[in-house]
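Structural overview for review
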Amino acid sequence: MTLLSETVQYAISGITAGSIYAVIGICWSVVYLITKVLNFTTGEFVMLGGMLTWAFHTMGFGLPSSVLFAVACTIAISMLLERLVIRPIRFPTEMTYMMLTIASASVIKGLVLLQWGSESRRIEPFFGSGVIHFFGAGVTPQVLCVVAIMTLITLGLHLFLNHTLFGTALRASAINQTGAKLMGIDIGRFRLFCFGLAGGLGAVTGIVTAPITFTGYEIGLLTGLKGLVAAIAGGWSMTGTVAAALALGLLEGFGAGFVSSGLKDVLALIVMILFLILQTISFPGLRRR
Amino acid sequence: MNSKHRFSLLWVVFIVGLAVLPFVTPGTYVIGVMCFVAFYATLACGMAVLLEQAGIFSLAAPTFFGLGAYVAGILAAREILPPWAGIIFAALVVAAIAYIIGAPLLRLRGYYLACATFGLLFIVEIALAQSGEITGGHDGLMGIPPLSVVGFTLRGDFHYYFVSWVLCLGCLWFFFNMMNSRVGRAIKALHDSEVAASSVAINVPRFKLKVFVLTAVMASFAGSLYCFYLQFTTPSMFGFPLLVELLTMIVIGGATTLYGPVLGSVVLIWLREAIHVYLKGILPKLTAEVDAVFFGVLIVAILIFMPEGLAGGLDRLAHFGRRLLGKSA
Amino acid sequence: MASQPDSVLLDVQNVSRSFAGIRALNLVSFSVKRKKITAVIGPNGAGKSTLINVITGVYIPDSGGIHFGGSDIAGLPAHIVASKGIARTFQLEELFSSMTVIENAMTGCHGKTGSGMLACGFALPSARREEKRIREEAMECLAMVGLEEKALEPISRLPLGERKLVGIARALSMKPGFLMLDEPAGGLAGHEVERLVKLIHRLIEQGLTILLVEHNMPFVMSLSEKIVVLDAGVKIAEGTPEEVKNDERVIKAYLGQEL
């Protein structure tokens, strides 16, 4: 392989990863902005999407129906989580929210392990396994499909949030909950909707990526964390998250290609910590508040 | 004064109980399990002081525990330092790391600090697993010699039972003294109101860093002893499942008191044993991740139904009892 | 600063501070004389609390100088300013709510004590002796404000008036040379205000210098020897209560309010 083709190859994998992180990042921020819950189960939804599709598929369902069932189940689980775990809390603080979602994540992960074991699972590619070549780099149709679907989701969400009444109300309640309540908006329904949305989007992400990267009970946390990195670095806004996710994906792609694939996951987390530290460094005159 | 008395009486009962335990239980099974309780209680107490008293939302306790175990373990297994010197060296290394990481990170608040320390947890776990030549990689570090101090070698559960509980009770005693002194008040003050704390000349960032480094060092001591007790370590022992366990202990026991996390670790470790003994036939495998299912459910249930934890519940019960007694007298 | 007369304790010169483009303080200058009560008054949003926060180092002034006892304290971090002997109370109490009354007062002794974390944790004799001393000093301060009987109560059980006194006791236990009271009479009933007036007189007799930031006009007029009037971040008048009362700009700023 020439340097050019290598570069192209890494860039492709970087953009693919970036588009995935972008959608996962949006899952985090949708829930965080409306409910103030930092939802550590986000990554588990991604895992659930892939694993449930695999499970339904091996039970004999066709691929399309398996996908549908998996997404529906994940949305239901996500909404149940909001109703049964998040809502009944009497003294909601950041700490209890975090403990609750971390606990829920470990429950989901453990149950999947008990049910389907620790082996990596793979779903067959949706559009065959041919390879398209350009600049000496190879792209499978599945990769194109992932990037396309992720782009569609992002654009669709953008349109939904900015050009529908429901989306506008959602954004309004993210900015000012009391004000939104006074306008007669039912926040409780929004919270439920956001969890459902995050569950559904996470599941779709997990399903379309399962043919490329394999899936297994333990992939949730790290995948989810990378979405969180994108959301934090993007300042919880949609454009910011997408930009940060693409940058992170490319960094990872090139880092894994040119440096070491083993430390690829560490790279994202180090970026997160450095970014957080950078945020705390303020400039003269702004030292406090 | 009165509450102080009650406090010491409870502890006397507890310590006497611990002291006679090895002589009244058959074999070493109970004592072996109680070793784990001691290690975990030390860790959980430090974390609870950070979370609840100081309001520092740090999830790095498993990281420092693991670093303490690995540094001491590697030095001893490679015969670079004798085990006891390795423990001290590990504590110094962990203190330095906690200081370097803490200085910038502790400026973060709430969720952000939690995210950063959560990231740290994964970074260290992956780094330990990836640098196989030094750490033994995924398979773990083998060949850690037993701990020996001035010619006396610690062997078996019995010895470690005493050493681990001395460490645990020592840390508790230290925390108890500290929290009832000017340093403890400064720590509580910066949690209650940072602006008021600095108005009475408390250097808020410095005290945050101090208590962070202190708990890191205690975690390191516990980790070093833990690795000599088990004589082997793997990176996955210090990852996400341990964090869930620690959170469960703190939630079970309640973090507002010092004995809460100890109570929590007694309950949690024995619960884990019960799961392993009774559910062996039903569950196909019993890894830390499967345990975490039970602990996760427990965390959610307690936070919903008993947000103050067992210690809070006991306190309320005791208060109620005293009122009853007071009325009848 | 040698050029200043000895009697000036705090000297604020041309201090400005903006928030997001809004000038909360604009070239404010005044001085506080030793062992005297100086008051800062002004309508809501005049910049009174910002002034206290700038002096104590919670905010950094954009420009201007603040000299305390001859040394420049502008822009120093709050805990350093406090350690120089400047104590304060807060408009919104800001008490340590997880502690008892006496522990709040004991926390005030922080700057004058030095036992380290290890000495405290291992309960060394030196730390224990110091702890005993702190407790006695804190008790004295509570006695001064008349709360010694409530020493062991948690903060949450005290009524508002007594919580304000705890704030003062906490500030006093710092053994300050200069005390700033931010709306100490706010929300207090008549007899509680009387108690407060007596307390402030006693503190002046003991040699303390006091800066009073208040809303309650009769209270300020009866107590202060010098009054500084702020309006919209600008000093509009300065003088004795009599002078201020008859100043046209002050009357305008307080239009419709009883002076």
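Residues numbered from 1 in each chain as written. Chains lettered and ligands numbered in written order. Predicted model: local features only at pLDDT ≥ 70, side-chain atom pairs only at ≥ 80, totals over all residues.

**Brief notes about the overall build of chain C**
- Helices and strands together make up the secondary structure of chain C, namely 10 helices and 10 strands.
- Computed over C-alpha atoms, the radius of gyration of chain C comes to 19 Å, within 12% of the 18 Å expected from 2.2 N^0.38 for 259 residues, which places it in the range of a compact globule.
- With the C-alpha coordinates of chain C rotated into their principal frame, the extents come out at 60 × 40 × 35 Å.
- Within chain C, buried positions represent 43% of all 259 residues.
- Long-range pairs, those at least 24 residues apart, make up 65% of the contacts in chain C between residues at least 6 apart in sequence. (Helix = DSSP H or I, 4+ residues; strand = E, 2+ residues; numbered from the N terminus. Rg over C-alpha atoms; globule rule 2.2 N^0.38 Å. Buried ≥ 20, exposed ≤ 12 C-beta atoms within 10 Å, placed from the backbone. Contact = placed C-beta atoms within 7 Å.)

**Section: the domain arrangement of chain C**
All names here are of chain C.
- You can read the domains of chain C as domain 1 (1-85 + 213-259) and domain 2 (86-175).
- Centre-to-centre separation of domain 1 and domain 2, based on C-alpha positions: 28 Å.
- Counting residues at the interface gives nine residues for domain 1 and five residues for domain 2.
- Broken down by secondary-structure element, the contributors of at least two residues to the side of domain 1 that touches domain 2 are helix H1 (48-55) and helix H2 (78-83).
- If you tally residues by element for the side of domain 1 that touches domain 2, the top one is H2, at three residues.
- Considering only residue class, the side of domain 1 that touches domain 2 consists of four nonpolar, four polar and one charged. (Domains from an automatic or database assignment. Nonpolar A, V, L, I, M, F, W, Y, C, P; charged D, E, K, R; others polar.)

**What to know about helix H4 (residues 83-105) of chain B**
- Here H4 of chain B spans 32 Å end to end across 23 residues, near enough to the 33 Å set by a 1.5 Å rise per residue.
- Taken together, the buried residues of H4 of chain B touch helix H11 (264-280) of chain A together with helix H3 (61-77), helix H5 (110-130), strand S1 (148-149) and helix H10 (204-230) of chain B. (Expected span 1.5 Å × (residues − 1).)

**Here we look at the pairing of strand S7 (residues 178-182) of chain C**
Residue and element names in this part refer to chain C.
- For S7, a buried count of five out of five residues is recorded, marking the element as mostly surrounded by other parts of the structure.
- Side chains Phe-178, Met-180 and Asp-182 project from S7 onto one buried face, and the interleaved Leu-179 and Leu-181 project onto a second face that is buried too.
- Where S7 and strand S8 (residues 209-214) come together, five bridges link them in parallel fashion. In the sheet register, Leu-181 faces S8, and the bridge partner there is Leu-212.
- The parallel pair S7 and S8, bridged by helix H7 (residues 190-205), forms a crossover whose chirality is right-handed. (Pairing = 2+ DSSP bridges. Right-handed = clockwise from strand over helix to strand, strands pointing away.)

**Quick look at the environment of Thr-215 of chain B**
Residues and elements named next belong to chain B.
- If you trace the backbone, Thr-215 turns up in helix H10.
- For Thr-215 and Ala-44, which are 171 residues apart along the polypeptide, the C-alpha to C-alpha distance reads 9.8 Å.
- The contact partners of Thr-215, leaving out residues within four places of it in the chain, are Gly-46, Met-47, Val-49 and Leu-50.

**Notes on the confidence of the model for chain C**
- On average, residues of chain C carry a pLDDT of 88, and 96% of them reach 70 or more.
- Across the whole predicted complex the pTM is 0.90, and at the interface the ipTM reaches 0.89. (pLDDT = per-residue confidence, 0-100.)

**Quick word on the interface of chain A and chain B**
- Between chain A and chain B, the residue contacts involve 38 residues of the former and 36 residues of the latter.
- Residue assignment for the side of chain A that touches chain B shows that the elements contributing at least two residues are helix H4 (94-116), helix H9 (220-233) and H11 of chain A.
- Here the side of chain A that touches chain B gets 16 residues from one element, more than from any other, and that element is H4 of chain A.
- Of the residues belonging to the side of chain A that touches chain B, the class tally is 28 nonpolar, six polar and four charged.

**Focus on the environment of Ile-74 of chain B**
All names here are of chain B.
- Its place among the elements puts Ile-74 in helix H3.
- Owing to 20 C-beta atoms within 10 Å, Ile-74 belongs among the buried residues under this scheme.
- Every residue in contact with Ile-74, bar those within four places of it in the chain, is listed here: Ile-134, Thr-135 and Leu-141.

**Brief notes about the sheet that holds S7 of chain C**
Residue and element names in this part refer to chain C.
- A sheet is described by the order of its strands in space; here six strands give the open sequence S6-S7-S8-S3-S9-S10, paired in mixed fashion. On the outer flanks of this sheet lie strand S6 (86-88) and strand S10 (234-239), each paired with one strand and no other. On average, each strand axis in the sheet is tilted by 20 degrees relative to the strand beside it, whichever way the strands run.
- Note that S6 and S7 share three bridges and pair parallel. (Axes fitted to C-alpha atoms, helices over the stretch in contact; angles between N-to-C directions.)

**Considering the sheet that holds strand S2 (residues 22-33) of chain C**
All names here are of chain C.
- Reading across from one edge, S2-S1-S4-S5 is the order of the four strands in this open sheet, with antiparallel pairing throughout. What marks the edges here is a single partner per strand, and that holds for S2 and strand S5 (71-72).
- In this sheet, strand S4 (residues 63-68) lies alongside strand S1 (residues 8-19) in antiparallel orientation, the contact comprising five bridges. Residue pairing across strands places Gln-13 opposite Gly-65, the latter belonging to S4.
- Where H1 meets the sheet, its contacts fall on S1, S2 and S4, and the angle it forms with S2 comes to roughly 65 degrees.

**With respect to the environment of Lys-112 of chain C**
All names here are of chain C.
- Considering the arrangement of structural elements, one finds Lys-112 in the loop between helix H3 (101-108) and helix H4 (117-121).
- What makes Lys-112 partly exposed here is the crowd of 17 C-beta atoms within 10 Å.
- On a C-alpha basis, the gap between Lys-112 and Met-174 in space is 7.1 Å, while along the polypeptide they are 62 residues apart.

**Comments concerning the packing of helix H11 (residues 240-253) of chain B against helix H13 (residues 288-305) of chain B**
Residue and element names in this part refer to chain B.
- As a packed pair, H11 and H13 sit with axes 9 Å apart at the nearest point and diverge in direction by 30 degrees. The orientation of H11 relative to H13 falls into the category roughly parallel. The two elements H11 and H13 meet at a crossing, and its hand is left-handed. Note on element contacts: H13 touches H11 through Ala-288, Glu-289, Ala-292, Phe-295, Gly-296, Leu-298, Ile-299, Ile-302 and Leu-303, opposite Pro-241, Val-244, Glu-245, Leu-247, Thr-248, Val-251 and Ile-252.
- Looking at the contact of H11 with H13 residue by residue, the class counts come to 12 nonpolar, two polar and two charged. (Parallel < 35°, antiparallel > 145°, perpendicular 65-115°, else oblique. Left-handed = near helix turned anticlockwise from the far one by under 90°.)

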